[in-house]
Amino acid sequence: MSATTRQVAAAVRQYSKEFYKATASGVNPILGESNYIASPFGAWLLLVFIAASTPIEDEAVRSELEDIIGIPLDKASTFAQHAINEITAEESEAALCAWFQPEYAKSSDRISEWLDKNTLGLSGGYIPEKAQLDAWTEDITRGLIKKFPADIDGSELAILASIIYSKFKWREGFEVVDAPDEFVEWDVEKVLTTTDDIVRFVSHNGSLFAILSKAAAGHKSVTTVMSLTHNYDDAAAYLNDAEEVLSGEGHGVALDEIEDIIDGASEVKIEYVEGQTNDTYEVWLPAWSAEATLNLNINELGIGTAMKELGGNHDVPVIQSAVAKYTAEGFEGAAVTVAIMRGTAFQPVTAGAYSVSLMMNKPAVAFCVVAGVPLFSAVVTTANEA
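Residues numbered from 1 in each chain as written. Predicted model: local features only at pLDDT ≥ 70, side-chain atom pairs only at ≥ 80, totals over all residues. Heavy atoms only, no water.

(A) Local environment of the packing of aromatic side chains. Tallied over the full model, the rule gives 17 aromatic pairs. Measuring from centroid to centroid gives 6.3 Å for W99 and F148, while their planes differ by 80°, and the two rings are edge-to-face. Taken as a pair, W99 in strand β2 (residues 93–100) and F148 in the loop between α7 (130–140) and β4 (156–169) lie far apart in primary sequence, 49 residues in all. Judged by its relative accessible area of 3%, F148 falls in the buried class. Between Y232 and Y238, the aromatic rings sit 4.4 Å apart at their centres with planes inclined by 5°, giving stacked as the arrangement. Note on Y232: relative accessible area 9%, which makes it buried. A cation sits over an aromatic face here: R142 above Y165, 4.4 Å from the ring centre. (Phe/Tyr/Trp six-rings, centres within 6.5 Å; stacked < 30°, edge-to-face > 60°. Helix = DSSP H or I, 4+ residues; strand = E, 2+ residues; numbered from the N terminus. Buried < 20%, exposed > 50% of the residue type's maximum accessible area, 1.4 Å probe, protein only. Lys NZ or Arg CZ within 6 Å of the ring centre and 35° of its normal.)

Structure follows, in structure tokens:
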């Protein structure tokens, strides 16, 4: 991962904090409830797409948007394009699209200036019918999302969108097995298991987390983070703590210290084996899928503010549809984020080793990371048959 993409990843993680607060606060991650899925990166990319080329005279608004984006506006497009290039090099997709009502595009100086300044590759043209937008959405997300996220009524002056898509197979796949008794509350007969991957344990913010990263070819992976010692009652707090662990915060806990911390928790069993050369790990976890549609017209996320600067001081619908699947073979996810301007808005070493057995049978957080950039975030509370 390049230094530029590292800066983008850091900016997206900063943005994610407000994103989770806006979309997941008050959501209690209880087993049996629906899974949460979103792409903070998709929203961040759309914000950069709109704001970086919009003529913003008000310095207070410009400063506000730069604080939200985490990168100066005069550099944001270049940084975002660099991240897009690295993501697409990993056989994933990050793209942008803009459609305009013909007369409006021709008569608006601000739109003309925006188009002239925009350096991010985009496709689009004149605003198509809803059926065409639905077909475009289904095609560009490889069938994961069937419908365009927003309603179209003919009053639209401009539609701007970001598209995130990733699909990959694990380097070492999971085995599908009968669900152990510990998964009875998940209401599935089959789960996934692996002995090919190392589990890390990290202490952070008063919780002990078990972390399983499942890798694909290149720089693609999904990391599952499960709290062993704290039952979160707010998904936003769980997502924030887990993402901080993902980015390196907290401190690692040695295997010989785990038993004292977990105080007999049934999810993990650690046995020291005399004469064993290497630590071994056996993990069980559910397959899962998730889909969601989120309202993102929230001041702290910046997209509505940027759209108002581009086209007028009125409310602007900002919506994201996201879908993801985690299976024995691999991961697939897609997100379409849209902002719409309507007519009313014309403006250790030992002599032995440990054997670790881990049941990931509690609500967990999962992050899909491609080229160092977190593309999708999920809270997993329900399972699919493996």
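(B) A look at the sheet that holds strand β7 (residues 199–204). The strand order across the open sheet built from 7 strands is β1-β18-β17-β9-β8-β7-β10, with neighbouring strands paired in antiparallel fashion. Whereas interior strands pair on both sides, the edge strands pair on one side only; in this sheet they are β1 (36–38) and β10 (251–252). One ladder, built from 3 bridges, connects β1 with strand β18 (residues 373–380); its direction is antiparallel. Note that in β18 the partner of I37 across the bridge is A378. Taken strand by strand, helix α8 (residues 235–246) contacts β1, β7, β8 (207–216), β9 (220–227), β17 (364–370) and β18, and its axis lies near 50° from that of β17. (Pairing = 2+ DSSP bridges. Contact = heavy atoms within 4.5 Å. Axes fitted to C-alpha atoms, helices over the stretch in contact; angles between N-to-C directions.)

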